[in-house]
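Residues per chain are reported as follows:
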Amino acid sequence: TGGEFAPKNIVDSELVLGIIATVGTDTKGVIKDITDQLAFFKYKVEEIVVSKQIISQFESDPPLFTSEYDRISHYMDLGNEIRATSDDMSILARGVARQIYLTRIPDENEKPQPKKRCAYIVNSLKNPDEVDFMRQTYGDAFHLIGVTSDYERRLKYLMERKGISKPDAQALLARDEDEDIAQGQHTRDAFQHADYFINVTENTDHTY
């Protein structure tokens, strides 16, 4: 997939790659593959983890989590609260844009410029409004990559790799797909807007 992300007309252009992944999908291998392939084109990758770098800015005293279920649920709740309070479904994507802006290097006129041959991987977006904002902001430089695996594999991952009980894991999967509140998780809807789709199979060395 590296060639698909490489710029065709603009030399040294900046890229922004949004990851939209269903809960329980192990994206580490996919992000590593993308990073390796972009390195072939001499691109440096900077990953922006939305839960750690954006959502966490809205709480002054992060709690100590006793389980992975509590951690995931907490950031889902906090993300929903931020969207509701701000009345802006794209606010977390705006936070990502600010993060990217702050990493840019000022030119001789003190105007921040896009980094040459830099690809930002945004992990991850969760609703169509966030996707729309990123497309409007970055235009052709933005690509949305949908990453998923089948339901049983995701359930198994949450239970065996994250230590979450089956009922809690099932609840997380259902909530992530489509919450019944406007400011909630709407991964299924946003997933339909992806430019590329990757399905993580049983062998993590092979995706399609």
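Residues numbered from 1 in each chain as written. Predicted model: local features only at pLDDT ≥ 70, side-chain atom pairs only at ≥ 80, totals over all residues. Heavy atoms only, no water.

Trainee: Run through unusual backbone geometry, naming residues and quoting values.
Mentor: Asn123 connects to Ser124 through a cis peptide bond whose omega is 5°. When you line up the elements, Ser124 lands in the loop between strand E5 (118-123) and helix H6 (128-138). In this model, Asp87 sits at a positive phi of 55°, which is unusual for a non-glycine residue. Tracing the backbone through its elements, the reader meets Asp87 in the loop between helix H4 (68-86) and helix H5 (91-103). For Asp87, a relative accessible area of 72% corresponds to the exposed category. Positive phi values are uncommon outside glycine, yet Arg117 reaches one of about 50°. One can find Arg117 in the loop between strand E4 (112-113) and E5. (Helix = DSSP H or I, 4+ residues; strand = E, 2+ residues; numbered from the N terminus. Buried < 20%, exposed > 50% of the residue type's maximum accessible area, 1.4 Å probe, protein only.)

Trainee: Hey, could you go over the packing of helix H7 (residues 151-160) against helix H8 (residues 166-177) for me, with residue numbers and the actual values?
Mentor: Two elements in contact, H7 and H8, have axes whose closest approach is 9 Å; the angle formed by their N-to-C orientations is 125°. Considering their axes alone, H7 and H8 lie oblique with respect to each other. Crossing geometry of H7 relative to H8 is assigned as right-handed. Across from Tyr151, Arg154, Leu155, Leu158 and Met159 in H7, the residues of H8 making contact are Lys166, Ala169, Gln170 and Leu173. (Axes fitted to C-alpha atoms, helices over the stretch in contact; angles between N-to-C directions. Parallel < 35°, antiparallel > 145°, perpendicular 65-115°, else oblique. Left-handed = near helix turned anticlockwise from the far one by under 90°. Contact = heavy atoms within 4.5 Å.)

Trainee: Could you give an account of the pairing of strand E7 (residues 196-199), with specific residues and numbers?
Mentor: Of the two faces of E7, the one holding Tyr196 and Ile198 is buried and the one holding Phe197 and Asn199 is not buried anywhere. Sheet topology note: the strand E6 (residues 142-148)/E7 ladder contains four bridges and is parallel. Across the sheet, the residue bridging to Ile145 is Tyr196, located in E7. (Pairing = 2+ DSSP bridges.)

Trainee: Which residues make up the packing of H4 against H8, and what values go with them?
Mentor: Two elements in contact, H4 and H8, have axes whose closest approach is 11 Å; the angle formed by their N-to-C orientations is 25°. Overall, the two elements H4 and H8 adopt an arrangement that is roughly parallel. Here H4 and H8 pass one another in a crossing that is left-handed. Contact with H4, carried on its side by Tyr69, Ile72, Ser73, Met76, Asp77 and Asn80, involves Asp168, Leu172, Arg175 and Asp176 of H8 and no other residues of that element.

All quantities given are derived from atomic positions and should not be read as evidence of function.
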